[in-house]
Amino acid sequence: MARDDHRFPCARCGAQLRYAPGQTRLTCNYCGFEQDIPPQTAEARVRATQELDLARGLRNDLASADMVEVRTTTCPNCGAKLELSSASIATVCPFCATPLILDTGTLSQIRPQALIPFTLTEAEARAAMISWMGSLWFAPGTLLEYARKGRALAGIYVPFWTFDADTDSRYSGERGEYYYETRTVSVRVNGRMERRQEQVRKTRWYPASGRVSRDFDDVLVMASRSLPPRLGSELTPWDLGALTAYTPEFLAGFQAEGYTVPLASGHSEARERMSEVIREDVRRDIGGDEQRIDDVNTDWSDETFKHILLPVWMAAYRYNGRSYRFVVNGQTGEVQGERPWSVWKIAGAVVFGAVLILGAVYLSNPEALGLPPPAWTN
Ligand SMILES: [Zn+2]
Ligand SMILES: [Zn+2]
């Protein structure tokens, strides 16, 4: 089984080269030396988009070329499995800012086939994050200060699964169609009863059954739980057209996280998401004004998967005893974060709002507050 070496010493000074975001080269931060990453071979390009057979993956029966042995360290707090490449050894967990203990184990994992290389530099990602934080009026000022001056954002390749499937579903249910009935009601108008006609909407139900089919391509599931699911799933959309064959050069100077969500769990999550889409298809196929779905029976075929790495810049700050995480899509610059609330700003806004309301009540109906009317109304 292969073991990847992520060491890229500078040919001129021996320091570790780093991948330069947005380019296809490695650079040396010490002497400025640059080294191009060799262009992808045709074979590598095929490999980048090649789907693996799901059944074999679930049986743990992949070719040894599709597996890799990695050295990892596990965060004692959040459970992230960080791959230890000699080029970058983290001393604190990039996800939760907990100090890491460097006990390493080796792990046999499915090898990532492809990755999207970082296109944003750390400075660009930080600028995107600060402008996003600045747009939240309730964010504490000290946190913004931290973000401006604090330590560098960590560039991490986060593991994902993608799933393909062809589906064919038979369903049964009911189609509801609206119709209106006129009825006569009695209403009281100025103390006298009057009879009026009123339209009432009703639904008539008809049995419905049929078939829908849909082919799914690259349903993305995050393969780690280090990022809060909301943060991870809202960093979309990714342009998967930029997937490049996995080569360790793109990881130089960055951290890669090993997957902690097994293939089987990732697959169930993908099927759940696909099933939701299928139910929408069924509703559309039933038509009418309302639909009831009694049963959906889906045949899944040609199921395949890929294991890929996607680039995320991330910052974890401790503020008032809690850690807050901000993530920046390393391809598009989209920002997501957990929002810390500034207690003072919010308390200020609440008091100000209460004063406005009391003021309005007082002006419109002073007796409600048990106060004499304002002098100018007398
Ligand atoms: Zn150098
Ligand atoms: Zn952690």
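What comes next concerns the included structure. Source: prediction; values computed, not measured. (Residues numbered from 1 in each chain as written. Chains lettered and ligands numbered in written order. Predicted model: local features only at pLDDT ≥ 70, side-chain atom pairs only at ≥ 80, totals over all residues.)

### Topic: the nonpolar core
Formed by 62 residues in total, the largest nonpolar core has its most connected members in Tyr-157, Val-158, Phe-160, Leu-310, Val-312 and Met-314. Among the secondary structure elements, those contributing two or more residues to this core are strand S8 (114-115), helix H3 (122-134), strand S9 (154-189), strand S10 (192-222), helix H6 (263-286), strand S13 (290-319) and strand S14 (322-329). The dominant element in this core, judged by the number of residues it contributes, is S13, at nine residues. Tyr-157 has contacts with Leu-115, Leu-251, Phe-254, Ala-256, Glu-257, Leu-309, Leu-310 and Pro-311, leaving out every residue within four places of it along the chain. Ala-208, Val-212, Ile-278 and Ile-286 belong to the second largest nonpolar core, which has six residues in total. (Core = buried A, V, L, I, M, F, W, Y, C linked by C-beta atoms within 7 Å. Buried ≥ 20, exposed ≤ 12 C-beta atoms within 10 Å, placed from the backbone. Helix = DSSP H or I, 4+ residues; strand = E, 2+ residues; numbered from the N terminus. Contact = placed C-beta atoms within 7 Å.)

### Brief notes about H6
Compared with an ideal rise of 1.5 Å per residue, which puts 24 residues at 34 Å, H6 spans 34 Å between its outermost C-alpha atoms and is within 8% of the ideal. Inspection of H6 places Leu-263, Gly-266, His-267, Ala-270, Arg-271, Ile-278, Val-282 and Ile-286 among the buried residues, and these make up the whole buried set. Those residues of H6 that are buried lie in contact with helix H2 (54-58), strand S7 (105-110), S9, S10 and S13. (Expected span 1.5 Å × (residues − 1).)

### A few points about the sheet that holds strand S2 (residues 25-27)
Across the sheet, which stays open at both edges, the three strands sit in the order S1-S2-S3 with antiparallel pairing between neighbours. Pairing within the sheet leaves two strands with one partner each, and these edge strands are strand S1 (18-19) and strand S3 (34-36). Where S2 and S3 come together, three bridges link them in antiparallel fashion. Within the sheet, the bridge partner assigned to Leu-26 lies in S3 and is Gln-35. (Pairing = 2+ DSSP bridges.)

### Re the pairing of S13
Direction of pairing for strand S4 (residues 52-53) relative to S13: antiparallel, over a ladder of two bridges. Each bridged residue has a counterpart across the sheet, and for Asp-53 the counterpart in S13 is Thr-304. Here two bridges tie S8 to S13, and the two strands are oriented parallel to one another. The residue bridging Ala-114 from the neighbouring strand is Ile-308, located in S13. Hairpin geometry of S13 and S14 is characterised by an intervening segment of two residues between the two adjacent antiparallel strands and by a positive phi of about 50 degrees at Asn-320.

### With respect to the sheet that holds strand S6 (residues 81-83)
Read from one edge of the open sheet, three strands run S6-S5-S7, paired in antiparallel fashion. Each of the sheet's edge strands pairs with one partner strand only, and the pair in question is S6 and S7. Each neighbouring strand pair of the sheet contributes to a mean axis angle of 55 degrees, computed without reference to strand direction. (Axes fitted to C-alpha atoms, helices over the stretch in contact; angles between N-to-C directions.)

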